[in-house]
Amino acid sequence: MSSHELSDPITMRLPADVLAGIEQIAGICDRKSSWVFVRALKSYLASEGRQIIELDQARKDIDAGLGHDLDDVIDEVDAIVKGAVT
């Protein structure tokens, strides 16, 4: 038995082909459909979901004045490179 705290049950509608794929995978793995759902959602949250969260944080950082203007950064890098060459 899993030691993870579970939410209340949720209801959702899925495209029939997505549900069929989930049920097929569950059957092959001798697992319940919810096991496949959880694995798929965790995978999404670890990749695309994480990127969405990071982009949201970056926007908040920029709004808070924590960003740097790209032209200023390029000018600073150019100055460093020119100083290293001469």
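Since the structure is predicted, the reported quantities are computational estimates derived from the model, not experimental observations.

**Some thoughts on the overall build of the protein**
Right, on to step 1. Secondary structure summary: the protein contains three helices and zero strands in total.
Right, on to step 2. Taking 12 Å as the expected radius of gyration for a compact globule of 86 residues, we find that the protein reaches 23 Å, considerably beyond that expectation.
Right, on to step 3. Projected onto its principal axes, the C-alpha coordinates of the protein cover approximately 70 × 30 × 30 Å.
Right, on to step 4. In the protein, buried positions account for 5% of the 86 residues.
Right, on to step 5. Element-wise, carbon and sulfur atoms account for 58% of the exposed surface of the protein, whose accessible area totals about 8,100 Å².

**Description of unusual backbone geometry**
Right, on to step 1. Notably, Asp30 is not glycine yet its phi reads approximately 55°, a positive angle.
Right, on to step 2. Residue position: Asp30 is located in the loop between helix H1 (16–29) and helix H2 (33–63).
Right, on to step 3. Look at Asp30 and you get exposed, because its relative accessible area is 70%.

**Some thoughts on the layout of surface pockets**
Right, on to step 1. In this model, the largest pocket occupies a volume close to 910 Å³.
Right, on to step 2. In terms of lining residues, the largest pocket is bounded by 20 residues, among which Leu6, Ser7, Ser34, Trp35 and Val38 are the most central.
Right, on to step 3. A total of eight residues in the lining of the largest pocket trace back to one element, the largest contributor, which is H2.

**Some remarks on a negative patch on the surface**
Right, on to step 1. Residues Asp69, Asp71, Asp72, Asp75, Glu76 and Asp78 make up a contiguous surface patch of negative charge.
Right, on to step 2. Along the polypeptide, Glu76 turns up in helix H3 (residues 70–85).

**Concerning the environment of Gly49**
Right, on to step 1. For Gly49, the position within the fold is in helix H2.
Right, on to step 2. Each C-alpha atom, one on Gly49 and one on Asp17, is 23 Å from the other, the two residues being 32 residues apart in sequence.

**Here's the deal with the environment of Glu5**
Right, on to step 1. In this structure, Glu5 sits in the segment before H1.
Right, on to step 2. Residues Glu5 and Ile53, spaced 48 residues apart in sequence, show a C-alpha to C-alpha distance of 23 Å.

What counts, and where the lines are drawn
- Residues numbered from 1 in each chain as written.
- Predicted model: local features only at pLDDT ≥ 70, side-chain atom pairs only at ≥ 80, totals over all residues.
- Heavy atoms only, no water.
- Helix = DSSP H or I, 4+ residues; strand = E, 2+ residues; numbered from the N terminus.
- Rg over C-alpha atoms; globule rule 2.2 N^0.38 Å.
- Buried < 20%, exposed > 50% of the residue type's maximum accessible area, 1.4 Å probe, protein only.
- Areas by Shrake-Rupley, 256 points an atom, 1.4 Å probe, with all protein chains shown as cover.
- 1 Å grid on protein atoms, 1.4 Å probe; cavity = no way out; pocket = protein on both sides within 12 Å on 5 of 7 lines; lining within 4 Å.
- Points joined across faces, edges and corners; volume = space filled by probe spheres on them.
- Patch = residues over 30% accessible without salt bridge, like charges linked within 9 Å, V, L, I, M, F, W, Y side chains within 5 Å.
- Salt bridge = Lys/Arg side-chain N within 4 Å of Asp/Glu carboxyl O.
- Lys, Arg positive; Asp, Glu negative; His and termini not counted.
- Charge placed at Lys NZ, Arg CZ, Asp CG, Glu CD.

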